[in-house]
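So you can see what is in the structure, the chains are spelled out below.
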Amino acid sequence: AQRVTQPEKLLSVFKGAPVELKCNYSYSGSPELFWYVQYSRQRLQLLLRHISRESIKGFTADLNKGETSFHLKKPFAQEEDSAMYYCALSQRNSGNTPLVFGKGTRLSVIA
Amino acid sequence: EPEVTQTPSHQVTQMGQEVILRCVPISNHLYFYWYRQILGQKVEFLVSFYNNEISEKSEIFDDQFSVERPDGSNFTLKIRSTKLEDSAMYFCASSGLAAGTSTDTQYFGPGTRLTVL
């Protein structure tokens, strides 16, 4: 069965400190991994996906197939990064398949 | 930038009543989805819709639920007889066609909060 685990419900860091939001997945096939973000009173929006291998707003995430992880990292947290972060996966090579989400981690960046 | 819209933003209903949640996907998208999030829990997939039919559905999407694309722009989710446990935030999403082996990005609406009393 497909599963996404985000072990931390809440993560508080000081401004300027490094951030790592953990995501582990369980999937028998070849997954595609995503990070979605939801800022206060806004909609869920895509932050990044592993296929793009890009950095968005200073965030990066590397897919580690050996550890089945897709942790989200940023070297220096900013106050505007405070939001709810969701890790999600879908099945690759199968067109448009549904997303399976983790429970989310609330990131709070303290000034 | 085009966005997915949803109406209403909040719906309160009595148990046993029918509700219809409405979504307007991004205009050139072809895949439509409904997800829900019960308070404090994860976002869960309900159903996907393509080419005027359901392409995939989850165990949650039982006979009480139905989806429809009544015209060229709206995509609706109907719950025939609401239960207390249907109280949740319902998100609509849409995406274009997958390119190669990559899934196209799903764009989410702001959600409709359904409260069943």
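Up top you'll find the structure we're talking about.
Predicted, not measured: the structure shown is a model, and the values here were computed from it.

Opposite the 23 residues of chain A that make contact, chain B presents 24 residues. Broken down residue by residue, the surface that chain A buries against chain B is led by Arg43, Asn96 and Pro98 of chain A, which jointly contribute 36%. There are one salt bridge connecting chain A and chain B. Applying the counting criterion to the chain A and chain B interface returns eight residue pairs in polar contact (both at pLDDT 80 or more). At the level of secondary structure, the elements contributing two or more residues to the side of chain A that touches chain B comprise strand 5 (31–38), strand 6 (45–49) and strand 9 (83–91) of chain A. Considering each element in turn, the side of chain A that touches chain B owes the most residues, four residues, to strand 5 of chain A.

Our focus in this paragraph is the layout of surface pockets. Counted as a void, the largest pocket has a volume near 530 Å³. Counting residues per element, the ones that place at least two in the lining of the largest pocket are strand 9 of chain A together with strand 9 (88–95) of chain B. Of the residues in the lining of the largest pocket, the class split is eight nonpolar, seven polar and five charged. In this structure, the second largest pocket occupies an estimated 330 Å³ of space. Lining the second largest pocket we find 18 residues, and of these Gln2, Pro98, Leu99 and Val100 of chain A together with Phe45 of chain B sit closest to its centre. Of all elements in the fold, only strand 1 (3–5), strand 9 and strand 10 (100–101) of chain A together with strand 5 (43–50) and strand 6 (53–57) of chain B reach the threshold of two or more residues within the lining of the second largest pocket. Sorting elements by how many residues they give to the lining of the second largest pocket places strand 5 of chain B first, with three residues. A breakdown of the residues in the lining of the second largest pocket according to their chemical character gives eight nonpolar, five polar and five charged.

Here we come to the sheet that holds strand 3 (residues 19–24) of chain B. Residue and element names in this part refer to chain B. Read from one edge to the other, the open sheet built from four strands follows the order 1-3-8-7, with strand pairing classed as antiparallel. Edge positions in the open sheet fall to strand 1 (5–7) and strand 7 (65–68), since each of these has one partner strand only. Pairs of neighbouring strands in the sheet enclose a mean axial angle of 20°, with direction left out of account. Pairing geometry for strand 3 and strand 8 (residues 75–79), over five bridges, is antiparallel. Counterpart to isoleucine 20 in the pairing with strand 8 is lysine 78.

On inspection of all chains with the given rule, the structure shows two disulfides over all chains. Note on cysteine connectivity: cysteine 23 of chain A is disulfide-linked to cysteine 87 of chain A, with sulfurs 2.0 Å apart. Here the S-S torsion is close to -65°, and the disulfide linking cysteine 23 of chain A with cysteine 87 of chain A is therefore left-handed. In this pair, cysteine 23 of chain A is assigned in the loop between strand 3 (19–21) and strand 4 (24–26) and cysteine 87 of chain A in strand 9, connecting sequence segments 64 residues apart. With a relative accessible area of 0%, cysteine 23 of chain A lands in the buried category. Residue classification places cysteine 87 of chain A among the buried residues on the basis of a relative accessible area of 0%. Between the sulfur of cysteine 23 of chain B and that of cysteine 92 of chain B lies a disulfide, 1.9 Å long from S to S. Disulfide cysteine 23 of chain B-cysteine 92 of chain B: torsion about the S-S bond near -65°, hence left-handed. One end of the pair, cysteine 23 of chain B, is in strand 3; the other, cysteine 92 of chain B, is in strand 9, and 69 residues separate them in sequence. Neither residue differs from the other here; cysteine 23 of chain B and cysteine 92 of chain B are each classed as buried.

Criteria and cut-off values
- Residues numbered from 1 in each chain as written.
- Chains lettered and ligands numbered in written order.
- Predicted model: local features only at pLDDT ≥ 70, side-chain atom pairs only at ≥ 80, totals over all residues.
- Heavy atoms only, no water.
- Contact = heavy atoms within 4.5 Å.
- Buried area = accessible area lost by both parts, 1.4 Å probe.
- Salt bridge = Lys/Arg side-chain N within 4 Å of Asp/Glu carboxyl O.
- Polar contact = N/O pair within 3.5 Å; in protein donor to acceptor, adjacent residues only side chain to side chain.
- Helix = DSSP H or I, 4+ residues; strand = E, 2+ residues; numbered from the N terminus.
- 1 Å grid on protein atoms, 1.4 Å probe; cavity = no way out; pocket = protein on both sides within 12 Å on 5 of 7 lines; lining within 4 Å.
- Points joined across faces, edges and corners; volume = space filled by probe spheres on them.
- Nonpolar A, V, L, I, M, F, W, Y, C, P; charged D, E, K, R; others polar.
- Pairing = 2+ DSSP bridges.
- Axes fitted to C-alpha atoms, helices over the stretch in contact; angles between N-to-C directions.
- Disulfide = S-S within 2.5 Å.
- Buried < 20%, exposed > 50% of the residue type's maximum accessible area, 1.4 Å probe, protein only.

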